[in-house]
Each structure stands twice: as structure tokens, then as C-alpha cells.
Amino acid sequence: MTVTIGYVDRRSFLALTGLAAGSLVLGARPAVSAAAQASDFASLMLSIALDGRIHIAIPTAEMGQGTATSLPLILAEELDADWGKVEVVRFVSTMAVPATLVPANLITANSNSVVTWFEPLRRCGAAARAMLIAAAARRWRIAPATCTTGPSVVRHPNGRDTLCYGELAAAAQVEPVPTEMVFKRPANYRLIGLVGNRTDTREKTVGTAIFASDVRLPGMLYASIRQGPVAGARLTTFDAASAMADPNVRKVAAIAGGGALAAVAVDSWSAMRALDSAKPVFVLKPGATEDGEAFRRSLLSALDRPGVPAPSAQGEVALATPGDKRVEATYAVPFLAHATMEPMSCVARVGEGSCEIWVGTQVPFRARDAVAAALKLPLAQVTVHQTLLGGGFGRRSEVDFILQAVEVAQLAKTPISLIWSRGEDMKHDYYRPPYAMRHRARLDTSGRVAEWHAKTAGPSLLRRRRGGAPDPNGRPDPTVVQSLLPELYRIGAYSGAWVEVETSIPIGFWRSVSHSQNSFAVESFMDELADAAEQDPYAFRRAQMTDARAIAVLDKAAELGDWHKPSPAGRARGIAAVHCYGSYIATVIEASLRDGEIVVHRASHAIDCGLAIHPANIVAQVEGACLFGLTAALYGEITIAGGEVQQESFADYRMLRIGEAPAMRTHVMASDAPPGGVGETGTPTAAPALANALFWLTGKRVRTLPLATAFA
Amino acid sequence: MIKLRINDSEYDIDAPAEMPLLWALRDKLDLTGTKFGCGVGICGACTVHIDGAAQRACIVPVGEVGAAAVTTIEALGAAKLHPVQQAWIDLDVPQCGHCQSGMIMQVVDLLTSIPKPTDDDIDAALTNICRCGTYPRIRAGIARAVQATRK
């Protein structure tokens, strides 16, 4: 028997298989939407076995950002668990009870894992602790309020007797689930903010970590696919005989309504070779021959159109005076690929009336729903096993490769491990779209920003996802316009606008989404304003900030980056500050030029993300996200010709190597504020801080990314 | 059949001579610790040791390995964690982890030939790509492993 807390009562739990008799099992559910609040599910979070082992399973993806540690920490803290007894279990969709009611929007994205799960996990842990205390108190025949807990034990007030959680688990599960929780005070935390090591490091260091491409099932074959050169292209012919001449190849067939050629073989390499031997020919979709250069120009000319308000004019426009300065600048950024280290991969097994998939995914329930729809199965018959993700960055919130694996498994009538080649992954991404952004501002004679108007031109991400016509009410896509205008600075009057320009190139969510392009423009423009006002960029920003947390972060980053000391000869520093995902970050980058080549020497960061659950990991995320942003700022550019992505490997989509990575220092501000997001927060400051450093170094302002060729 | 010596064991692999060693390891022997990242020898995720030297397994045909001894990440710390692995665990170097098997094998190779590498030595030897940006901790991990080895 199992119990849950919160919104679900005991009757919702029917027999749960696979649980040891006598274990205490609890679930929790976050409020992800109004719909979720109405639905009656709980995700199985926690099970305490007789021997005291504590299994914790969380539905979030572990893609390097550390949720397999930070989320269990929250639960274990309130449970008052011995961290050494905690084992993190990879999530399976059937752990949600009942799984069919879990909303598809329960995803790992928007840096919201800790933000979403903090409360439910605290409640789950606190409830379990209360039930364990109640069971111990009942056995001792004393009042529960007299008991305390230590790591995985309940303590008798006599100071002598204790009972372990393991031996209490069976009795605890029949205690009433409390409706009021008592939470620990942060001053009493043993784990949150203190535990150093991740739960998944060892397996990733000794080669036992399982990614989707590592799953092995009896009778499994290997597959790969080749799509047309342009999105939407359809297969016309392929040479099946040549492909099948290799005895290791089992099947070659069109899938996805002719959108791709699939090859199945006894090993992945033979499958990839078969795709070459088959020499597939595709016919392009009419009108899908977009030219990247022409599209870039169309974005710039779109800036002359009014667009939709994002937002409409706010604040009072102070009258202009003769000494005022007007500044205008136009910025542009290209398509960007995600380029996760692990190419797209998924294992699928299709049975009679059921389907199981093993996949590293940011969207397990969206994947389940898509597979169920494709196979015309009830939701309850589709099971998603979460594996580790070899990088997500937003790419693994798509389900294209998952549906391919399922279709190939159906055709092959045996379990299939689908792996994309790197070329396929590079050319069939859902790219961060290009945008052109124009900023206009007026500085008054005291150097304050009296007015700021911003406009962006580019595609809608949400419309691409939901399809259909532009919003008839003219509401802007928030995933395009968020942070189009700065949130950190006091501005007299401001307005924003978005001109939607469609693209036929598949587009998607890339680490930090709209902040990736908007913060480049905003924080570059702040430096252009500082320059016009003849003020130091740090001082100029500080004078416009009203939020104490933002000021503290700016001050700290400036201190870490030695802003107030002279730069070494031949080097200059740039600063940028951003408020995103509920967190504040400021970054100082120190750079130089060597024979026209940009050298990034140092990057210093201060982040305020509220309560820091796992500080060592927050540092790792900020620094890693910064390197992700620097790679894009320096080299990132996907080019399109005739609708076809021109890049196909790391040779033509250059990645930062260790020799080019700056030395980093990161400070996590102490805070008791509610947790903010961290996974993407380190990316938006990278490009503007670097562009600003290069301006102060050379006097040349570069407003188009990538930067590497601009100083050559 | 191709005879290979992998992690101190002999195997007969039923594969064409042109099959890259990477796929023989992963798909024929289920040694999935060695990862596929690009297939053309650029990213380094597939790095193994052949007779003690780091090689990118995705561009080494099994037919060319011959009698050489292949070591994969699974064997590196089998008896006792390698100091590099211990440093990686102490400092939580990996994030997503997909580059790390190859990264560790390359670092071990570096420290075998240069026990106390300079930053320039590290830059030259470590061209492996890490998309998560663990480079700062990789440097710290190398320093820690060097310290541990010198004791």
C-alpha cells in the first residue's frame, strides 16, 4: 500500500507493482498549470526500504545541469535523511500515478526545475518525516511533538533511544498524511547549500553512465536515418539493392511519410553506411529554398515596419532639451545549432498494443503523448524510461527523433536503437532563430535614460510549435520579446515592438531563448549609451539600477573582475548584467586581440539565484553556460543556402576548446529568497560583455554576431 | 573474424575490417563507455588507448588494430580508480558527461607522457570538445591528479 500527500487521496493509488512490501512510498505534484491543479496525479518521489535505503526519483531530465542532485537534496533535507543512504533512481513515466493525468507541459526547460519542484519536494519530505515521527511515537507511546530526528533516525526525548527510518517505514505508511507541514529553517540545513558532490559523477567518470544510445535490449537492432537536404523534402528514390547487399543490413525503408530514409542493421555503423549506399534522392518542398543572406536582409528591412506592441508605450516622456543625446543602434544575430555532444538517439520497443521508449528527453510526457497518438494507443500503454541526456539545451524538448525510432521499431518488428549521425544532427536541428534588433534612446543632460524604444524582427517560436495563423489579438510571442527591453534599469519612458518574419527553417528553443539575442542587444546598447554619456559602463548601469539585488550582483562581479583596477596592457574589460529566470547575474569579461584573433582571458561572474540549493553546481552551471554563450558569440553561425543548412560537422561549426576558454571566477550570493533558475542564466551576459570589452579595447563597436571575423 | 585484445581479454569480432573500432566496442561488445560524438575524429568523445596511447576510435578501422592492446574507460579504474578519475569525482568535473570518457582517456595519456604539464601542454593535448563547458574544472582536475600522483 502506498500513500501520497497533498491533493491526492489514498483511493487514487491502486496496486503499485515493483515496490518492496513494507516500504513507505510518497508522491508529490507541482502546480505546473491550472489544468494540473485540477488533475489528480502524483509523481512517485520517495521510497524508504526496510534496510533504510532511500530511493528518490524525479521526473526532471538530468542533462548536466544537476537536477539529479539538487532536487533529491531538497527532499532529503526536509525528510532529515542520511544523504549516504540516498539513491537516485531514473524516472519512468509510470512512476506518476496515474500517469495518464500528468500534463504534457511538465517539462525540463526554462531553468525551472528547482523553481517548480522546491515546494512539492519540501512537502513530500516534511510529510514523510512527520509520518515517521508519528510511527516512532506510537511505538514508544509518547507524544510525537516530543520527538526529534537526526539523519535517518527518530530520537526519543530521553536522549538515548532511537529508531531508524528503515525499521519505521512499514508503520509510517499507515499514519495519516499531515495536512500542515513544518519545514526546517535554513539555519538548520544540513544538506541544502552544504552538500558538495553530485550523485551522478561516478558513473560518468567510470563509463557506466547510461545514455539513450547505451541502452541494450534482447534482440535489439541498430538504426540510423537520413532526411532530405531541406526541411520538408520528400524521398523519391533510393537504391535498396545496394544497401541490402551488405549482409549486416536488415532493412532499408522510407519513414515519416517519405520524410526520411531509415536503415536497420546489426550495428550502428552498418546502418549509417547503408544510408550512403542507398543514395537517397529527395524532392524539395516548393518554396522551401530559403536563402540565409536574403532572410538576414529581410529582417533588417522588417525593422522599418511598425510590428505589434511589445509592450506598448509606458511611462511619461520628459520633454527633450537641447543638450540631450540620441543614440540608435541595430544588432543582428544568426541561426544557431544546439550541437549536443550526444547526437539525437532513442531506443524503442513496440509490442502488441503497447510501446516502451528509452530516451534522454526534456519532455517525457509530451513524448508519451506523441508516441501514443502516432501508434493510436491509449496513453497508459506507452511507457517512457528516462535516461541521462548527453546535452539538452532545448534540443531534447523536441520529439522528432523519438517518433522516428518508434516507426522504425514498428517496421523492423524488433527493438531498435536509433542514432543520428553528427551530420544529420547538425543539419536537422531546431535552430535558435536569427533576429534583427533596433534600439533607440535619448539621454538627458544628466546622463539618465529619458526614453528607450526597442524593436525586434524575426520568427515566432510559439507559433512554429502550435502552428496556425498569427495571434489575431496581435499579442507578441513572449519567447521572442522577453527582455527585449531591460528590466534592471530605471527608464523614463519606453516601448517595444515585434515584427514577425516567418522562416521555413525549423526553429526551436536554445539555451536562454530570447535572452540569448535580446540581452546581446540591450547590454551592448547600455555600453553605447554609457559611451555617449561619457560615463564608466559599470557606474552608468549602477546609477540606473533600482533593485538592491541587481546592484549587489553588479558590484560583486566588478570586484571579482578587477573592474576598478587598470587592465593589463593590451587588454580591456566589458561588463553586462541581466535579470532572467528569477535570478540576477553580472559578468565581467577581459579580452585582448592577438593578430586579429580574439583572446578571452578572464570571465568573472556574480549570481543571485535566491536560496542556493547546490552552490558548487551553480558555479559549474554559470561557467558552463558562459562558455556556451562565448562559443556562440565567437563562432556560432548556421548558414542557409537554397534552404539547406551548410554546416555538417564540428569542422564547420566551430566549438571552443579548453585552450580558448577563459579563466573563471564565480560568486554565488548568499540569499534566503525563493530559488531562481540557474541552468540558462550564465549564457545571456557572455556575448555583450565580450563585445563591450572589444569596443573598449579597439574603439570598434561590433553589432553582428559572431565576432571572430570582425577584428581579423 | 577479427581478433582484438581489449581490456586484457581476447575477442573474436564478426565485423568487416573497415568497421571503426568505436562501433566494435559499443555494438559488438556492449562496451558503451566509449561514446560517439561525430564519427570523424574531431570531438574526441571516442578516445581510447591503443598500446597506451590515446587514439580516436571512430577513425581506427578494426582491421588496423592488429595485436595492439586496446584499453577503454571501463578498464581504466577497474581495479582501483585512476588518480584522474578520483580527481574528477572529488571535483565533480562532469556535467552531462557525454564527453568525459574520451576526455579522461586523453588526460591520462597526457599525464603519462608529461607528468607535470603546463597550461600550454594541456591546451595542445586536449582538443576534445565539451559542450557543457567543464573546461575550468578539467584544468583543476588535472592539477589535482598531478598533485595526488606526486605524493
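In case you missed it, the structure is sitting above this.
Cut-offs and rules
Residues numbered from 1 in each chain as written. Chains lettered and ligands numbered in written order. Predicted model: local features only at pLDDT ≥ 70, side-chain atom pairs only at ≥ 80, totals over all residues. Heavy atoms only, no water. Phe/Tyr/Trp six-rings, centres within 6.5 Å; stacked < 30°, edge-to-face > 60°. Helix = DSSP H or I, 4+ residues; strand = E, 2+ residues; numbered from the N terminus. Buried < 20%, exposed > 50% of the residue type's maximum accessible area, 1.4 Å probe, protein only. Pairing = 2+ DSSP bridges. Axes fitted to C-alpha atoms, helices over the stretch in contact; angles between N-to-C directions. Contact = heavy atoms within 4.5 Å. Salt bridge = Lys/Arg side-chain N within 4 Å of Asp/Glu carboxyl O. Nonpolar A, V, L, I, M, F, W, Y, C, P; charged D, E, K, R; others polar. Left-handed = near helix turned anticlockwise from the far one by under 90°. Core = buried A, V, L, I, M, F, W, Y, C linked by side-chain atoms within 4.5 Å.

Q: Report on the packing of aromatic side chains, specifying residues and quantitative values.
A: Residue and element names in this part refer to chain A. Under the counting rule described, the total for this entry stands at nine aromatic pairs over all chains. With 6.2 Å between their ring centres and 25 degrees between their planes, Phe295 and Phe335 make a pair best called stacked. Taken together, the residues Phe295 in helix α8 (residues 292-302) and Phe335 in the loop between β16 (325-333) and β17 (345-351) connect sequence positions 40 residues apart. Its relative accessible area of 6% is what places Phe295 among the buried residues. By relative accessible area, Phe335 is classed as buried at 4%. Seen in terms of ring centroids, Phe695 and Trp696 are 5.0 Å apart; in terms of plane orientation they differ by 75 degrees. Their pairing is edge-to-face.

Q: Go over the sheet that holds strand β19 (residues 382-386) of chain A with me, naming the residues and quoting the values.
A: Residue and element names in this part refer to chain A. One open sheet holds the seven strands; their spatial order is β11-β12-β9-β20-β17-β18-β19, and the pairing between them is mixed. A strand with exactly one partner marks an edge of an open sheet, and here the two such strands are β11 (249-255) and β19. Each strand axis lies, on average, 20 degrees off the axis of its neighbour in the sheet, ignoring direction. Each of β9 (221-227), β11, β12 (260-265) and β20 (416-419) touches helix α7 (residues 268-277); the most contacted strand, β9, lies at about 30 degrees to it. Set on the sheet, helix α9 (residues 364-375) makes contact with β17, β18 (354-359) and β19; between it and β19 the angle comes to about 145 degrees.

Q: Requested: an account of unusual backbone geometry, with residues and values cited.
A: When glycine is set aside, most residues are seen to have a negative phi, and most peptide bonds are trans. Omega for the peptide link from Ala310 of chain A to Pro311 of chain A comes to 0 degrees, which places this bond in the cis form. With respect to the secondary-structure elements, Pro311 of chain A resides in the loop between β14 (308-309) and β15 (314-315). Note that the residue after Leu705 of chain A, namely Pro706 of chain A, is joined by a cis bond; omega there is 0 degrees. With respect to the helices and strands, Pro706 of chain A occurs in the segment after α18 (686-698). For Asp595 of chain A, which is not a glycine, the phi torsion comes out positive at approximately 55 degrees. In this structure, Asp8 of chain B takes a positive phi of about 65 degrees despite not being glycine. Judged by its relative accessible area of 65%, Asp8 of chain B is exposed.

Q: I'd like a rundown of the interface of chain A and chain B, residues and numbers included.
A: It is common to give the size of an interface as the accessible area lost on bringing the parts into contact. Of the residues lining the interface, 59 residues belong to chain A; the matching set on chain B comes to 49 residues. The tally of links from chain A across to chain B stands at five salt bridges. Here Arg26 of chain B and Asp214 of chain A are joined by a salt bridge, their closest N and O atoms 2.8 Å apart. Secondary-structure elements contributing two or more residues to the side of chain A that touches chain B are α5 (201-206), α7 and α17 (615-635) of chain A. It is α17 of chain A that provides the largest number of residues to the side of chain A that touches chain B, a total of nine residues. Split by residue class, the side of chain A that touches chain B holds 28 nonpolar, 19 polar and twelve charged.

Q: Kindly report on the sheet that holds strand β6 (residues 148-150) of chain A, identifying the contributing residues and their values.
A: Residues and elements named next belong to chain A. Reading across from one edge, β6-β7-β8 is the order of the three strands in this open sheet, with antiparallel pairing throughout. Lying at the two open borders of the sheet, with one neighbouring strand each, are β6 and β8 (162-164). Across the sheet, the axes of successive neighbouring strands diverge by a mean angle of 30 degrees, strand direction being ignored. Of the pairings in the sheet, the one linking strand β7 (residues 153-155) to β8 comprises three bridges and is antiparallel in character. Paired with Val154 across the two strands is Leu163, which belongs to β8. Strands in contact with helix α3 (residues 113-140) are β6, β7 and β8; relative to β7, the strand with the most contacts, it is inclined by about 50 degrees. Contacts between helix α4 (residues 165-172) and the sheet are confined to β6, β7 and β8, with β8 contributing the most and set at about 75 degrees to the helix.

Q: Explain the packing of α9 of chain A against helix α10 (residues 400-412) of chain A to me, and be specific about the residues and the numbers.
A: All names here are of chain A. Put simply, α9 and α10 touch, their axes get as near as 10 Å, and they point 40 degrees apart. Between α9 and α10 lies a crossing whose hand is right-handed. Together, Ala367, Ala370, Val371, Ala374 and Leu375 of α9 and Ile402, Leu403, Val406 and Gln410 of α10 make up the contact between the two elements. Taken together, the residues of the contact of α9 with α10 sort by class into eight nonpolar, one polar and no charged.

Q: Now, about the nonpolar core: what can you tell me, with residues and values included?
A: By size, the foremost hydrophobic cluster in this structure holds 144 residues, and its most contacted members are Trp452, Leu529 and Leu690 of chain A together with Trp88 of chain B. The biggest single contributor to this core is α17 of chain A, with eleven residues.

Shape is all these values report; function is a separate question.
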